[in-house]
Amino acid sequence: MNSVSRESKNNKNRREFLKNGMVAAGAATLGTGLLASGAPVLAEQEKERSGKLPRGDAAILRFLAAAEILETDLWVQYNELGGIQDNEVPGGSGSPLYTAALQVLDGDMSQYIHDNTEDEFTHETFINAYLASKGADIVDLEPFRTLPGSTATGSSGKPRLTNLMKLTVDTSWWTRYRSRTQNPDFGDTFPQAVPSLAVGQHPAIPRSDADLSPSNHLQAIANTAGFHFATIEQGGTSLYPSLAQRVSSSEVLQIVLSIGGTEAMHFQTWHDKAGNAPPLTDPSDSTLVFPDLNASPFGGEDFQTNLIMPEPTIFLSKSLPACSIIRPTNTTGAATGALNFLTAMGLFIRQSGAFFAFLRELAEDADAARREGER
Ligand SMILES: [Fe+2]
Ligand SMILES: [Fe+2]
């Protein structure tokens, strides 16, 4: 695409977004832009500032900052109810019954939830601070913090950016990472580990205290969370190496590689815990079934719960030997793909049109980035 026409389209969208965003989000946003580096972004501003960074690098970091802000928001909701509320990760006061249901998957779940939440805070804060240190515009999604969260005892009750109470959780990563012959970068698709989670809308946190019983209903909610944790983190595990291929500055590459590795560490942990989710049918929703993944018709290498390290598979060319790798890592449309993935999961149910327009533009700008010297 011609870069000039692309920029003029973006400028038009940006102006429309800023106008609509302010209307949608009300007085709280007046005088503040959603991209800011000290000074607010004004409607007449030509385009986002990249400061000393290559333009594509700034766009990639801004999309990642947005993704990290959204990750933080969802992890905070989990931590308020099922993690450890302390001065490292403040907010909420815990739901003892939900926490206990999560601990069925692993006695250390609360600590892991707390640590994953803290990690996302630092990713978000670091990337925005780095952008600002280079004179580039940063990302602020606070005007979109409008969604109601859980009213269960233990929730802070503050408005949210993301929805965790109507999730459609894609669990095909389970079989994707167990396949020895297929790779999504070759167009392959993979069966679900928990087919009923991939359809319908399911709570991953207690929506209110009414969800605290019967106990198998609450366990189904905790199981949903257990799979959702890994679904989110495998997304980050692919997103960073996918976008790293478009980075120009070695320092930005260092940032993307270093943060991306921690997403893989999160995913690996959650992959292990999801396999401990007890088989059950939700007594409040008989369509939601957590199968025994080690028994027929599941079982075998494609489902076995302790196969949590990536099986080697095809990579780059089928003529090359199989390799244990993160997948997918195709770079084309990676940011837009990540946004579509999060949207399809229901994470943004009830978000505004301005929210989607803003996120889509950040994603498109990141996907338009090219390594310097490459076209
Ligand atoms: Fe992160
Ligand atoms: Fe993460």
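Attention here is on the structure that accompanies the text.

Let us now look at the overall build of the chain. Each helix and strand counted, the chain has nine helices and five strands in total. For the chain, the succession of helices and strands along the chain, N to C, is α-β-β-α-α-α-β-α-α-α-β-β-α-α. Across the 375 residues in the chain, those meeting the buried criterion constitute 52%. Accessible area for the chain stands at about 15500 Å²; split by element, carbon and sulfur atoms hold 56% of it.

The next subject is the coordination of the iron ion (ligand 2). Glu 71 (OE), Glu 120 (OE), Glu 233 (OE), Glu 233 (OE) and Glu 263 (OE) make up the full set of protein donors to the iron ion (ligand 2), lying at 2.0 to 2.7 Å. Linear spacing of the donor residues for the iron ion (ligand 2) on their chain is E-x48-E-x112-E-x29-E. Separating the iron ion (ligand 2) from the iron ion (ligand 1) is a distance of 3.4 Å, and Glu 71 supplies a donor atom to each of them. Remark: Glu 233 occurs in helix H6 (residues 215-244) and Glu 120 occurs in helix H4 (residues 109-133); sequence separation between them is 113 residues. Grouping residues by exposure puts Glu 120 and Glu 233 together as buried.

This model, assessed by the stated rule, comprises 19 aromatic pairs. Here Phe 144 and Phe 355 contribute two aromatic rings whose centre-to-centre distance is 5.4 Å and whose plane-to-plane angle is 85°, an arrangement assigned as edge-to-face. Here Phe 355 lies in helix H9 (residues 353-367) and Phe 144 lies in the loop between strand E3 (138-139) and helix H5 (173-176), a separation of 211 residues in the sequence. With respect to burial, Phe 144 and Phe 355 carry one shared label: buried.

Our next topic: the nonpolar core. Residues Tyr 78, Tyr 98, Leu 141 and Phe 227 are the most contacted members of the largest nonpolar core, which totals 86 residues. Ranked by the residues each element gives to this core, the list is headed by helix H2 (residues 55-82), at 14 residues. In this structure, Leu 141 is in contact with Ala 66, Ile 69, Leu 70, Leu 161, Phe 358 and Leu 359, ignoring residues within four places of it in sequence.

Turning our eyes to something else, we now look at H4. Over its 25 residues, H4 extends 36 Å from the first C-alpha to the last, a length consistent with the 36 Å expected when each residue adds 1.5 Å. At the C-terminal side of H4, Gly 135 shows a positive phi close to 75°.

This part covers the coordination of the iron ion (ligand 1). Within the first shell, the iron ion (ligand 1) binds the protein through Glu 68 (OE), Glu 68 (OE), Glu 71 (OE), Glu 120 (OE), His 123 (ND1) and Glu 263 (OE), at distances of 2.0 to 2.5 Å. Bound by six donor atoms, the iron ion (ligand 1) shows angles of 57 to 167° at the metal and therefore irregular coordination geometry. Each donor residue of the iron ion (ligand 1) belongs to the same chain, and together they define the spacing E-x2-E-x48-E-x2-H-x139-E.

Quick look at the side chain of Thr 224 now. Along the chain, the position of Thr 224 falls in helix H6. Setting aside its immediate chain neighbours within four residues, Thr 224 contacts Val 169, Leu 197, His 202, Pro 203, Ala 204, Leu 288 and Phe 290.

Let us now look at the environment of Ser 95. Here Ser 95 shows up in the loop between H2 and helix H3 (96-103). Ser 95 sits in the buried class, given a relative accessible area of 2%. As for Ser 95 and Asn 79, which are separated by 16 residues in sequence, their C-alpha atoms are 9.8 Å apart. When near neighbours in sequence (up to four residues on either side) are disregarded, Ser 95 contacts Glu 80, Leu 81, Thr 153 and Leu 212.

The rules behind these values
- Residues take numbers from 1 onward in each chain, read along the sequence in its written order.
- Just so you know, chain letters begin at A and ligand numbers begin at 1, following the order they were written in.
- Per-residue local features of the predicted model are confined to residues with pLDDT of at least 70, and side-chain atom pairs are confined, for both listing and counting, to 80 or more; whole-chain, interface and lining totals are unaffected and use all residues.
- Each side-chain value is derived from all of the structure's non-hydrogen atoms; neither hydrogens nor water enter the calculation.
- Secondary structure elements are defined from DSSP: runs of H or I of at least 4 residues count as helices, runs of E of at least 2 residues count as strands, and each element is numbered from the N terminus.
- Remark: exposure states derive from per-residue accessible area (1.4 Å probe, protein chains only) relative to the maximum for the residue type, with buried under 20%, exposed over 50%, and partly exposed in between.
- Residue-level accessible areas treat just the shown protein chains as cover; the underlying method is Shrake-Rupley with a 1.4 Å probe.
- Donor atoms are limited to N, O and S found within 2.8 Å of the metal ion, a distance that becomes 3.2 Å for Na, K and Ca. With water left out, some sites might look partial.
- Any pair of Phe, Tyr and Trp rings, taking the six-membered ring for Trp, is counted once the centres come within 6.5 Å. Such a pair is stacked with planes under 30 degrees apart, edge-to-face with planes over 60 apart, and tilted for the rest.
- For the purposes of this section, nonpolar cores are sets of buried Ala, Val, Leu, Ile, Met, Phe, Trp, Tyr and Cys residues that join through side-chain atoms within 4.5 Å.
- What makes two residues a contact is simply this: any of their non-hydrogen atoms within 4.5 Å.
- The span one expects for a helix is its residue count, reduced by one, times 1.5 Å.
- For four-coordinate sites, all angles between 85 and 135 degrees define a tetrahedron; for four- and six-coordinate sites, opposite donors beyond 155 degrees with the remaining angles between 65 and 115 define square planar and octahedral shapes respectively, and all other cases count as irregular.

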